[in-house]
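Coordinate inspection notes
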Amino acid sequence: MPFFMILIVVSFVFYMYLKVKYVRSKRPMERKWISAKSSICLGSFVLFFGINQWFIYETNVSLIIGILFVLFGSGSIIAGVKAYKHYHPYAIKEADQM
C-alpha cells in the first residue's frame, strides 16, 4: 500500500529531524520534551510498518509480527504522549527563564 509507505517514510524523517534537534539542544527539559516527541514519531513508524506487513504478506508469521509491531508502536506512542504532556510545561518554563 503506497499510503502506508508514505506514512512510514514521513514518520521516519520526522524522527530523524527530532533526533538531530535533540542533539543540538542544550536545555535539559527541552531535550526531554523533544525526546518524547521523537518517541511518538518512532512509535508511529513501527505502527505503520506493522500495519503495512498485514497488507503486503498474508501469512501467519507476518500477521504475528505485524501484531507485535502494532502493539509495540502503540505502546511507544502512548508513552511518548504521556511524557510530552509531562515535560511540556517544564520546557515552556525553562524557555521563559532563558
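Keep in mind the model is a prediction, meaning the values are calculated, not measured.

About the criteria used
- Residues numbered from 1 in each chain as written.
- Predicted model: local features only at pLDDT ≥ 70, side-chain atom pairs only at ≥ 80, totals over all residues.
- Heavy atoms only, no water.
- Axes fitted to C-alpha atoms, helices over the stretch in contact; angles between N-to-C directions.
- Helix = DSSP H or I, 4+ residues; strand = E, 2+ residues; numbered from the N terminus.
- Parallel < 35°, antiparallel > 145°, perpendicular 65-115°, else oblique.
- Left-handed = near helix turned anticlockwise from the far one by under 90°.
- Nonpolar A, V, L, I, M, F, W, Y, C, P; charged D, E, K, R; others polar.
- Salt bridge = Lys/Arg side-chain N within 4 Å of Asp/Glu carboxyl O.
- Buried < 20%, exposed > 50% of the residue type's maximum accessible area, 1.4 Å probe, protein only.
- Patch = residues over 30% accessible without salt bridge, like charges linked within 9 Å, V, L, I, M, F, W, Y side chains within 5 Å.
- Areas by Shrake-Rupley, 256 points an atom, 1.4 Å probe, with all protein chains shown as cover.

A few points about the packing of helix H1 (residues 2-24) against helix H2 (residues 28-56)
Between H1 and H2, the least distance of the axes is 8 Å, while the angle of their chain directions is 160°. Here H1 lies roughly antiparallel to H2, going by the angle between them. Classified by chirality, the crossing of H2 by H1 is left-handed. A breakdown of the residues in the contact of H1 with H2 according to their chemical character gives 18 nonpolar, five polar and four charged.

Considerations on the pattern of salt bridges
In this structure the tally under the stated criterion is one salt bridge. Between glutamate 30 and arginine 27 there is a salt bridge, and its shortest N-O distance comes to 3.4 Å. Among the residues examined, arginine 27 registers a relative accessible area of 25% and is labelled partly exposed.

Some words on a nonpolar patch on the surface
On the surface, a cluster of nonpolar side chains totalling about 800 Å² of accessible area is made up of Trp54, Phe55, Leu63, Ile64, Ile67, Leu68, Leu71 and Phe72. Put simply, the parts of the chain that give the nonpolar patch at least two residues each are H2 and helix H3 (60-97). Residue contributions to the nonpolar patch peak at six residues, all from H3. Structurally, phenylalanine 55 can be placed in helix H2. Of the residues examined, phenylalanine 55 reaches a relative accessible area of 45% and is grouped as partly exposed.

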